[in-house]
Amino acid sequence: MNENLINLLLVEDDPFDRNFLKQALSDCSKSMIFDIETTQNLSETLECLSSTDFDIILLDMELPDSSGIDTLVKIHSKSQHTPVLVIIEPLEEKTAVDAIKNGADDYLIKGKIFRDVLGRSIYYALERRKEQDRAEKKLAKLIEDLKSTNKELKDFAYVVSHDLKAPLRAIKTLADWLVTDYTDKLDQDGKEQIDLLISRVDRMHKLIDGVLQYSRIGRKKDTPVYIDLNDLIPQIIETLAPPNNIKIEIKNNLPTIFAEKSGILRIFQNLLSNAVKYMDKPNGQIEVASFEQQDYWKFAVTDNGHGIEPKNFEKIFQIFQTLTPKDQNESTGVGLTIVKKIIETYGGRIWVEA
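Student: Outline unusual backbone geometry, supporting the account with residue identities and numerical values.
Tutor: Even without a glycine there, the phi angle at A241 is positive, about 50°. Its location among the elements puts A241 in the loop between α7 (229-240) and β7 (246-250). Exposure remark for A241: the relative accessible area of 53% places this residue in the exposed category.

This is how it looks when you write it as structure tokens:
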């Protein structure tokens, strides 16, 4: 089988032009040998494309049963992966531009179709299609690799959920038994050590839950619904039950948005709980506000706490990163990372202002 053989479909109803093009093709470079099949109208061409695969199509768009761009569109829809070179009349540059927009790879002008011009046009059209095929194969492999990675991540999440949590539960159970059965035999230091052990187990449990939640973002989707934030935010505040010295206030009328409720709930729940957890003032003030922009909503959760230094603005969104000792505030360093990922999944962004 000749690897240089090019299966070409010549669509031309005029006998003179058809013979001229056949001769021009036979005069092309010896590196290109053509097996030429001809059709003379649109219906014949579509029938031919249904039964035969071609490497390239040479098309006169003015046919007895079809005319202009409509001819190209119908042929291109029938054979989307085959390069098409259209033949246009002189002074029809607009037709050429429209043809390129509608899927043609190049155009040739009647009366100016010389051997070298025709050969180059065919060569470059075939090379572009080869490059496109390589890119599509590469993309298909990347998609397949991504599917495989997602499956591995899902399997990993399953292992984390079941195989790591089980021994943690056993450790905590043993620690609880020690406290219950040997409380009269333990001195104060021993009791403190067991309490420390239990708190470490609880923290590890929360870390695992945080990693699992992070891994599920974007993979497990809920059905979007309309959410009135004027109803949702008060529910979150009631669930948080902030201490009496901390007041959470909604500054203005909040919008109704269309989104996955679980994601929006997690965003505001995390931001508000952080504001409560790290409040260091005797009279804490936390505010939730919204601002309508040109094509999106901007939300702000502000408080009068000790604030964050500019050097840590990015750090707080990195997984497992905390700004205070973990023993001082029980934090996994996962919450804001989850919030950031959810917001970016929606196409938004989150940032800190001093």
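Student: I'd like a rundown of the environment of L63, residues and numbers included.
Tutor: Position of L63 relative to the elements: it lies in the loop between β3 (56-60) and α3 (69-78). The sequence separation of L63 and Q40 amounts to 23 residues, and the corresponding C-alpha distance is 7.2 Å. If we ignore the near neighbours within four places in the chain, the residues touching L63 are V11, D13, Q40, N41, L42 and T71.

Student: Describe the nonpolar core, and please don't skip the residues or the numbers.
Tutor: Counting residues in each nonpolar core, the largest one holds 33 residues, and the members touching the most others are L229, I233, I264, I267, F268, L272 and I286. Those elements that provide at least two residues to this core are α7, β7, β8 (256-259), α8 (261-277), β9 (284-292) and α9 (335-345). If you tally residues by element for this core, the top one is α8, at 7 residues. Sequence-distant contacts of I264, defined by excluding residues within four places in its chain, comprise I227, L229, L232, I257, A259 and Y346. By size, the runner-up hydrophobic cluster in this structure holds 19 residues, among which are L10, L25, L58 and A125.

Student: If you had to explain the environment of Q269 to someone new, which residues and values would you point to?
Tutor: With respect to the helices and strands, the residue Q269 is situated in helix α8. Assessed through its relative accessible area of 32%, Q269 is described here as partly exposed. Apart from residues no more than four positions distant in its own chain, Q269 is found in contact with I236, T239 and L240.

Student: Describe the sheet that holds β3, with residues and values.
Tutor: Backbone-to-backbone hydrogen bonds pair the strands of a sheet. The strands run either parallel or antiparallel. Pairing in this open sheet of 5 strands is parallel, and the strands run β2-β1-β3-β4-β5 from one edge to the other. Where the open sheet ends on each side, the last strands, each with one partner, are β2 (33-39) and β5 (106-109). If you compare each strand with its neighbour and ignore which way they point, the axes differ by 25° on average. Where strand β1 (residues 5-11) and β3 come together, 4 bridges link them in parallel fashion. Bridge pairing links L8 to I56 in β3. The sheet strands contacting helix α2 (residues 42-51) are β1, β2 and β3, and the helix crosses β2 at an angle near 130°.

Student: Hey, could you go over the packing of α7 against α8 for me, with residue numbers and the actual values?
Tutor: Between α7 and α8, the shortest axis-to-axis distance is 10 Å and the interhelical angle comes to 50°. Taken together, the axis directions place α7 and α8 in an arrangement best described as oblique. Where α7 crosses over α8, the handedness of that crossing is right-handed. Between α7, through L229, L232, I233, I236, I237, T239 and L240, and α8, the contact on the second element is made entirely by K261, I264, L265, F268, Q269, L272 and S273. Tallied by class, residues from the contact of α7 with α8 come to 10 nonpolar, 3 polar and 1 charged.

Student: With reference to specific residues and values, describe a nonpolar patch on the surface.
Tutor: On the surface, L139, L142 and I143 cluster together to form a nonpolar patch covering roughly 280 Å² of accessible area. Mapped onto the elements, L139 comes out in helix α5 (residues 115-181).

Student: A description of helix α1 (residues 15-26) should follow, citing residues and the corresponding values.
Tutor: End to end, α1 covers 17 Å across 12 residues, agreeing with the expected 16 Å (1.5 Å per residue, within 8%). For α1, the set of buried residues is R18, L21, A24 and L25. The arc that holds the buried residues of α1, viewed along the axis, is 125°, so those residues lie on one side. Facing away from the buried side of α1 by over 90 degrees, the exposed positions are F16 and S26. Of the residues that open α1, the one with a side-chain oxygen 3.0 Å from the backbone nitrogen of F16 is D14.

Student: Which residues make up the packing of helix α6 (residues 188-216) against α9, and what values do they have?
Tutor: Where α6 contacts α9, the axes come no closer than 10 Å and their chain directions differ by 10°. With respect to α9, the element α6 is oriented roughly parallel. In this structure, α6 uses G210, Q213 and Y214 to contact α9, whose residues at the interface are T337, I338 and K341. Taken together, the residues of the contact of α6 with α9 sort by class into 2 nonpolar, 3 polar and 1 charged.

What counts as what
- Counting of residues starts from 1 at the beginning of each chain's written sequence and follows it residue by residue.
- Side-chain atom pairs in this predicted model are given and counted only at pLDDT of 80 or more, local residue features only at pLDDT of at least 70, and totals for whole chains, interfaces and linings cover all residues.
- Computation of side-chain values covers all heavy atoms of the structure but excludes hydrogens and water.
- Each helix corresponds to a stretch of at least 4 residues labelled H or I by DSSP, and each strand to a stretch of at least 2 residues labelled E; elements are numbered beginning at the N terminus.
- Buried residues are those whose accessible area, probed at 1.4 Å on protein chains only, stays under 20% of the maximum for their type, while exposed residues exceed 50% and partly exposed ones sit between those limits.
- In this description, contact between two residues means that some pair of their heavy atoms is separated by no more than 4.5 Å.
- Buried Ala, Val, Leu, Ile, Met, Phe, Trp, Tyr and Cys residues that are joined via side-chain atoms within 4.5 Å together make up what is termed a nonpolar core.
- One bridge is not enough; two strands pair if DSSP finds at least two bridges between them.
- Here an axis means a line fitted to C-alpha atoms, over the contact stretch when the element is a helix, while the angle between two N-to-C directions is reported on a 0 to 180 degree scale.
- An angle below 35 degrees is treated as roughly parallel, one above 145 as roughly antiparallel, one from 65 to 115 as roughly perpendicular, and anything else as oblique.
- Crossing chirality is assigned from the near helix's rotation relative to the far helix, an anticlockwise turn below a right angle marking it left-handed and a clockwise turn marking it right-handed.
- Each residue receives one of three labels: charged for Asp, Glu, Lys and Arg, nonpolar for Ala, Val, Leu, Ile, Met, Phe, Trp, Tyr, Cys and Pro, and polar for the others, Gly being one of them.
- In this scheme, patches are assembled from residues that exceed 30% relative accessible area and form no salt bridge. Like charges are connected within 9 Å, while nonpolar side chains (Val, Leu, Ile, Met, Phe, Trp, Tyr) are connected within 5 Å.
- Computed with a 1.4 Å probe, the accessible areas rest on the Shrake-Rupley method; for each residue, only the protein chains presented here act as cover.
- Here a salt bridge means any side-chain nitrogen of Lys or Arg lying within 4 Å of a carboxyl oxygen belonging to Asp or Glu.
- To estimate how far a helix should reach, multiply one less than its number of residues by 1.5 Å.
- Note that the arc is defined by the directions from the helix axis to the C-beta atoms.
- Counted as a polar contact is a pair of N or O atoms within 3.5 Å, where, for protein atoms, one must be capable of donating a hydrogen and the other of accepting one, and residues adjacent in sequence contribute only when both atoms are in side chains.

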